Amino acid sequence: MWYLFRYAVSLTVGFIMSFGTLAARERGLQADTTVVRGAELRLSMTVCDFGDVPRRGGDLSCEIAFTNTGDAPLVVSRLITSSSCLRASCSRRPVAPGDSGVIRIVYQPLKSEAGAFNRVIRIGSNAVAGEMQITVRGNSFDAPVPVRRRFGFGKTRVKIK
């Protein structure tokens, strides 16, 4: 029975609040909306998916663009990676409102074990939203190493690849 009373009270309060906002709009008044001022970091993508990659195939790289959509200069102060096989770099200069920059990511699959990987890069900046993160994922596998053998049969040499 108590839950019915709470439900009725919440419906009544919601109705009153929505009616007050509607009445304020009709009178030409704005509701209390506070605009947060400062730098805002907007990433082009938050996940960098490399898919299936050979472990001995070399380093993989990805570039993620970001934009300052706020009204104050944005400063990216630190990029923290969750693993030593992942490197991230970015310009430390302030990004003016409306301008953009690039975060460069390099993943070294040789330093990690074969299998699925899921790494995180935390971005520290003066943005109003605080710390953001980028996820780097994929699956590294051990490619078969080509075997080269030389057999000597008299004077003739046969090479098998």
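See above for the structure.
These numbers were taken from a predicted model, which means no experiment stands behind them.

K.L.:
Quick question: what am I supposed to make of the sheet that holds strand 1 (residues 41-43) here?
P.N.:
Backbone hydrogen bonds hold the strands of a sheet together, and the pairing may be parallel or antiparallel. Taken in spatial order, the four strands line up as 1-3-6-5 in an open sheet, and their pairing is antiparallel. Looking at strand neighbours, the two that pair on one side only are strand 1 and strand 5 (86-89), the edges of this open sheet. Strand-to-strand twist in this sheet, taken as the mean axis angle between neighbours without regard to direction, amounts to 25°. Pairing geometry for strand 3 (residues 60-68) and strand 6 (residues 100-107), over eight bridges, is antiparallel.

K.L.:
What should I look at first to understand the packing of aromatic side chains in this one?
P.N.:
For any pair of aromatic rings, the description consists of the separation of the ring centres together with the inter-plane angle of the planes. Summed over all chains, the structure comprises two aromatic pairs. Ring centres of Phe50 and Tyr107 lie 6.4 Å apart, and the angle between their planes is 20°; this geometry places the pair in the stacked category. Taken together, the residues Phe50 in strand 2 (residues 47-54) and Tyr107 in strand 6 connect sequence positions 57 residues apart. In this structure, Phe50 and Tyr107 share a single accessibility class: buried. Here the aromatic rings of Tyr107 and Phe117 are separated by 4.2 Å at their centres, their planes lie at 20°, and the arrangement is stacked. Of the two residues, Tyr107 sits in strand 6 while Phe117 sits in strand 7 (residues 115-125), which places them 10 residues apart along the sequence. When sorted by exposure, Tyr107 lands in the same class as Phe117, which is buried.

K.L.:
Hey, could you run me through the sheet that holds strand 7 in this one?
P.N.:
With respect to topology, four strands assemble into an open sheet ordered 2-8-7-4, the strand pairing being mixed. Every interior strand has two partners, whereas the edge strands, strand 2 and strand 4 (76-81), have only one. Here the average twist between neighbouring strands, direction ignored, is 15°. Bridge count between strand 4 and strand 7: five bridges; the pairing is antiparallel. Bridge assignment links Leu79 to a residue of strand 7, and that residue is Ile123.

Definitions and limits used
The written sequence of each chain sets the order in which its residues are numbered from 1. In view of the model being predicted, local features appear only for residues whose pLDDT reaches at least 70, and side-chain atom pairs are presented and counted only at 80 or more, with totals across whole chains, interfaces and linings using the full set of residues. Only hydrogens and water are set aside when side-chain values are computed; all heavy atoms of the structure are taken into account. Paired strands, as defined in this entry, are two strands with at least two bridges between them according to DSSP. Secondary structure counts use DSSP, requiring at least four H or I residues in a row for a helix and at least two E residues in a row for a strand, with both numbered from the N terminus. Between N-to-C directions, angles span 0 to 180 degrees; the directions come from axes that are lines fitted to C-alpha atoms, helices contributing only their stretch in contact. Stacked, tilted and edge-to-face are the three classes applied to pairs of Phe, Tyr and Trp rings, where Trp contributes its six-membered ring and a pair requires centres within 6.5 Å; stacked means planes under 30 degrees apart, edge-to-face means over 60, and tilted covers the rest. For each residue, the accessible area found with a 1.4 Å probe, counting protein chains only, is set against the maximum for its type, and the residue is called buried under 20%, exposed over 50%, and partly exposed in between.

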